[in-house]
Amino acid sequence: MQTTLNDTDAVKALAALAQGSRLAVFRLLVVAGPEGLSVGNIAETLGLANATLSFHLKELVNAGLISSRHEGRYIYYAAAIDKMNALIGFLTENCCQGVPERCEPASPRKC
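Residues numbered from 1 in each chain as written. Predicted model: local features only at pLDDT ≥ 70, side-chain atom pairs only at ≥ 80, totals over all residues. Heavy atoms only, no water.

The name recorded for the protein in an unreviewed UniProt entry is Metalloregulator ArsR/SmtB family transcription factor, from Pandoraea fibrosis.

> Looking at this structure, how should I read the nonpolar core?
In summary, soluble globular proteins display a tendency toward joint burial of nonpolar side chains. Among the nonpolar cores identified, the biggest contains 25 residues, and Val25, Leu29, Ile42 and Leu65 are the most heavily contacted of them. Those elements that place two or more of their residues in this core are helix H1 (7–17), helix H2 (20–32), helix H3 (39–46), helix H4 (50–62), strand S3 (74–79) and helix H5 (81–92). When near neighbours in sequence (up to four residues on either side) are disregarded, Val25 contacts Ile42, Leu46, Leu48, Leu53, Leu57 and Leu60. (Core = buried A, V, L, I, M, F, W, Y, C linked by side-chain atoms within 4.5 Å. Buried < 20%, exposed > 50% of the residue type's maximum accessible area, 1.4 Å probe, protein only. Helix = DSSP H or I, 4+ residues; strand = E, 2+ residues; numbered from the N terminus. Contact = heavy atoms within 4.5 Å.)

> How should I be thinking about the packing of H2 against H4 in this particular structure?
For the pair H2 and H4, the least separation of the axes is 10 Å and the interaxial angle reads 70 degrees. Classed by the angle they form, the pair H2 and H4 counts as roughly perpendicular. Along its contact with H2, which presents Ser21, Arg22, Val25 and Phe26, the element H4 presents Leu53, Phe55, His56, Leu57, Glu59 and Leu60. (Axes fitted to C-alpha atoms, helices over the stretch in contact; angles between N-to-C directions. Parallel < 35°, antiparallel > 145°, perpendicular 65-115°, else oblique.)

> What should I look at first to understand the sheet that holds strand S2 (residues 66–71) in this one?
Within a sheet, adjacent strands bond to each other through the backbone by hydrogen bonds, running parallel or antiparallel. Here three strands make up an open sheet; going across it, the order is S1-S3-S2 and the pairing antiparallel. The open sheet is flanked by strand S1 (37–38) and S2, the only strands paired with a single partner. Examined bridge by bridge, S2 and S3 share six bridges and lie antiparallel to one another. Of the residues in S3, the one forming a bridge with His70 is Ile75. (Pairing = 2+ DSSP bridges.)

Encoded structure:
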C-alpha cells in the first residue's frame, strides 16, 4: 500500500526536518536502511548527547519519519522509507504541470 500525505502531514514532516541535527539523524537512518541503528550508534556517529538525541528522535517519530523497535535492552530506530517517498511525491506531484517526464531531474527517486 502506498502512503499518501495531506498538507498537514507534509508540513509536520518538513518542520521536523528543518533542524540540522534531526536532518542528520534522518539521513543517517536512510543510509542504514530498514534495519536501522541503535540509539548508541546514532549518538556516537553524530556526536550528540543522549538527552539531545532523545528529543530529536521524539520529534522525528511524532512526524512519522522514523520508527523504533526494542531488542533486548536496546532501542533501534529506522527511517520510514514509505513516508519519505510519500513526502517526495507530495512535493513533486504537480511537477511540470503534472507531466513529470518533462522535469526528469526533479522526478522522485524511490528508495
